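As a plain string of letters, each chain reads:
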Amino acid sequence: MNFSPKQFWKPVAVSLALAFLYAFVLTKLGRDWWSDENYSHGLLVPFVIGYIVWIEWEDLKNAPKNVSFWLGGGTILLALLMLLAGTLGAELFIQRISLVVMLGGIVIYFWGGQLLKFLVVPFLLLLFAIPIPQIIFNKIAFPLQMWASQLAIWGIRVFEVPSVRKGNVIEILPIGSVQSIALEVVEACSGIRSLMTLVTLALVLWYFTREKSRFDWVRALILMLSAIPIAIITNAGRVTSTGVLTYYYGKQSADSFSHKFSGWLVYLVALVLLMGLNFVIKKVSGRKSKVESQSFASQTPQTAHHRPIAIPLIISILVLSAFFINWFENRSEAEVSRAPLRELPSKLGNWEQRGSDTRFSEQTEAVLRTTDYIQRDYANQSGRTSNLYVGYFASQKTGVTYHSPQNCLPGAGWEMKQPELVEIITPNGNKFTANRYFVDNGRSKSVMIYWYQGRGRAVSSEYIDKVYTILDSILRQRSDGSMVRIWTPVGNSEAESLQDAVDLSAQIADALPHFVPE
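Note that the structure is predicted; figures quoted are calculated from it, not measured.

1. Examining the overall build of the protein
- Helices and strands together make up the secondary structure of the protein, namely 18 helices and twelve strands.
- A total of 518 residues make up the protein; the buried ones form 48% of that total.
- The long-range fraction of contacts in the protein, counting pairs at least 24 apart against all pairs at least 6 apart in sequence, stands at 72%.
- Counting every atom, the protein has about 26,200 Å² of accessible surface; 62% of that belongs to carbon and sulfur.

What follows is the structure in structure tokens.
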């Protein structure tokens, strides 16, 4: 790995240009790795990738090179468009994925597409370290919570501990107590945290025990898939032990140091199981376990010949794109006049406000980061009560954006059932579709309707709203908007509660333009 000064400045210059272009993305990603326990393994991923590239350096140098300026340039352009779209639409996931696409484009541009197959593991490790969108995360986490709670209630009853499961909540009556204790199987106990880490560890484990066989990738696939049941089983064991200790020693068992320590123990047990499975698979396959990579020493080293302008051109494009995207992100937005949401009418059709507006805690407000919001109850003439929430954002370009109910409710123990789109027809004759769910946490059931409204549109899909946000940010210099949610207890009739929720949705949709500008 000897570099001459001429060879050294090229990768350094390109790396600096990439760091300049993705400075905000990399900074935010690093913060998430540091603060989000689901992805704390990401802190080690760059070092693992660097080590893999270092030990594979000779093979990479000798790998066939087939430079593709057009394919590489097109991939780089795609990455830039993804970064711009993610920036304007406040979608961090797209921005981060664009980094992976950009790195792939750089490799293709300078060394050719064939080199990518020797970098599959580093690219996969980087992908696994990128936090997935919260909606997708919850679609994975909530089933894991339910499975973990089902296994845990079975394990608890094996120890003859009387218990009742309601959704992802397990109720236990400790010995000598007259009040039951509810143990909620939250994300931390569902296996989702260890799952993210285990999938990454499975890939690393396979890489360092890989064999010179074209079918050895099947073992990698088995190991990564096995992370799912291992994560569920180990975390169900943790919940089981917590439930048994709670029965004998009370609630302090769930809050004590032993419970926190068990979280680390889960990682250790899961890793041992993963290593054991890897050992068994290798034994069954009848192959020896040894680290051996494909060697290209017998091949004549090929050097990628670059046009003199190739590297300066790429560096110029990356730097200029950074200035362009930064200008788009920081240019002033069009001023729109609006009234504060607290002035929303207390009477909407047959609905009238009950009580005063409710404010969230400072901690919740810090998470929501809305420009303005309102949460209040309305009641109609039949006595039905519905809760209204409107969260307004004056700008979404800086990454501050809506928190979909699909993000927060599953993590709080609510099960979202029977998803459906409902048509809302307002008193003024406007029509739009909204999302409808029946939500249940084992103790109460409600109907929830929500949609996204602003800049003259009301849409059900947050992804479609993201597209409109990007277009409006470019063409109208606006990225403001709101998320509207109606929450109505079911009571004795699902049909009646749904009808009432739809009616209040229609009333509020017509009233909002004065507060959420069109």
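2. Quick notes on the pairing of strand E6 (residues 372-379)
- Counting buried positions along E6 yields seven of eight residues, so the element is predominantly enclosed.
- In this structure, strand E5 (residues 351-354) lies alongside E6, joined through three bridges in antiparallel fashion. Counted as the bridge partner of Glu 352 is Ala 379 from E6.
- Where E6 and strand E7 (residues 385-393) come together, eight bridges link them in antiparallel fashion. Paired with Asp 372 across the strands is Tyr 392, a residue of E7.
- The hairpin turn running from E6 into E7, its antiparallel successor, is five residues long, and Gly 383 in that turn takes a positive phi close to 95 degrees.

3. A look at helix H2 (residues 23-35)
- Here H2 spans 18 Å end to end across 13 residues, near enough to the 18 Å set by a 1.5 Å rise per residue.
- Among all positions of H2, only Val 25, Leu 29, Asp 32 and Trp 33 are buried. The buried residues of H2 occupy one face: seen down the axis, they fall within an arc of 100 degrees. Set apart from the buried face of H2 by more than 90 degrees, the exposed residues are Arg 31, Trp 34 and Ser 35.
- As for H2, its buried residues are in contact with helix H3 (45-55), helix H5 (69-88) and helix H6 (92-111).

4. A closer look at the nonpolar core
- If you look at the biggest cluster of nonpolar residues, it comprises 41 residues, and the most contacted ones within it are Val 121, Leu 125, Leu 198, Trp 206 and Leu 274.
- At the level of secondary structure, the elements contributing two or more residues to this core comprise H2, H3, H6, helix H7 (120-128), helix H10 (192-208), helix H11 (217-249) and helix H13 (257-285).
- Examining the composition of this core, we find that ten residues originate from one element, H10, more than from any other.
- With residues near it in sequence (within four places) discarded, Leu 274 still touches Leu 198, Leu 201, Ala 202, Leu 205, Leu 223, Ser 226 and Ile 230.
- Of all hydrophobic cores here, the second largest spans 31 residues; its members include Tyr 378, Ile 449, Leu 512 and Val 516.

5. Describing the confidence of the model for the protein
- Taken residue by residue, the protein gives an average pLDDT of 81. The fraction at 70 or more is 84%.
- Here residues 288-308 is a poorly scored stretch, pLDDT under 50, and it has 44 contacts once near neighbours within four places are set aside; other chains count.

6. Notes on a nonpolar patch on the surface
- Taken together, the side chains of Phe 215, Trp 217, Val 218, Leu 221, Ile 222, Leu 225 and Ile 228 present a nonpolar region at the surface, about 660 Å² in accessible area.
- Inspection of the secondary structure assignment puts Val 218 in helix H11.

7. A closer look at the packing of aromatic side chains
- If you walk through the whole model with that rule in mind, you get twelve aromatic pairs.
- For the ring pair Tyr 207 and Phe 208, a centre distance of 4.9 Å and an interplane angle of 85 degrees mean the geometry is edge-to-face.
- With a relative accessible area of 4%, Tyr 207 lands in the buried category.
- Ring-pair connections join several aromatic residues into one group, and the members of that group are Tyr 51, Trp 54, Tyr 207 and Phe 208.
- Its end group placed over the ring of Tyr 373, Arg 359 keeps NZ or CZ at 4.0 Å from the ring centre.
- Positioned above the aromatic ring of Tyr 468, the side-chain terminus of Arg 457 is 4.1 Å from the ring centre.

What counts and how
Residues numbered from 1 in each chain as written. Predicted model: local features only at pLDDT ≥ 70, side-chain atom pairs only at ≥ 80, totals over all residues. Heavy atoms only, no water. Helix = DSSP H or I, 4+ residues; strand = E, 2+ residues; numbered from the N terminus. Buried < 20%, exposed > 50% of the residue type's maximum accessible area, 1.4 Å probe, protein only. Contact = heavy atoms within 4.5 Å. Areas by Shrake-Rupley, 256 points an atom, 1.4 Å probe, with all protein chains shown as cover. Pairing = 2+ DSSP bridges. Expected span 1.5 Å × (residues − 1). Arc of directions from axis to C-beta. Core = buried A, V, L, I, M, F, W, Y, C linked by side-chain atoms within 4.5 Å. pLDDT = per-residue confidence, 0-100. Patch = residues over 30% accessible without salt bridge, like charges linked within 9 Å, V, L, I, M, F, W, Y side chains within 5 Å. Salt bridge = Lys/Arg side-chain N within 4 Å of Asp/Glu carboxyl O. Phe/Tyr/Trp six-rings, centres within 6.5 Å; stacked < 30°, edge-to-face > 60°. Lys NZ or Arg CZ within 6 Å of the ring centre and 35° of its normal.

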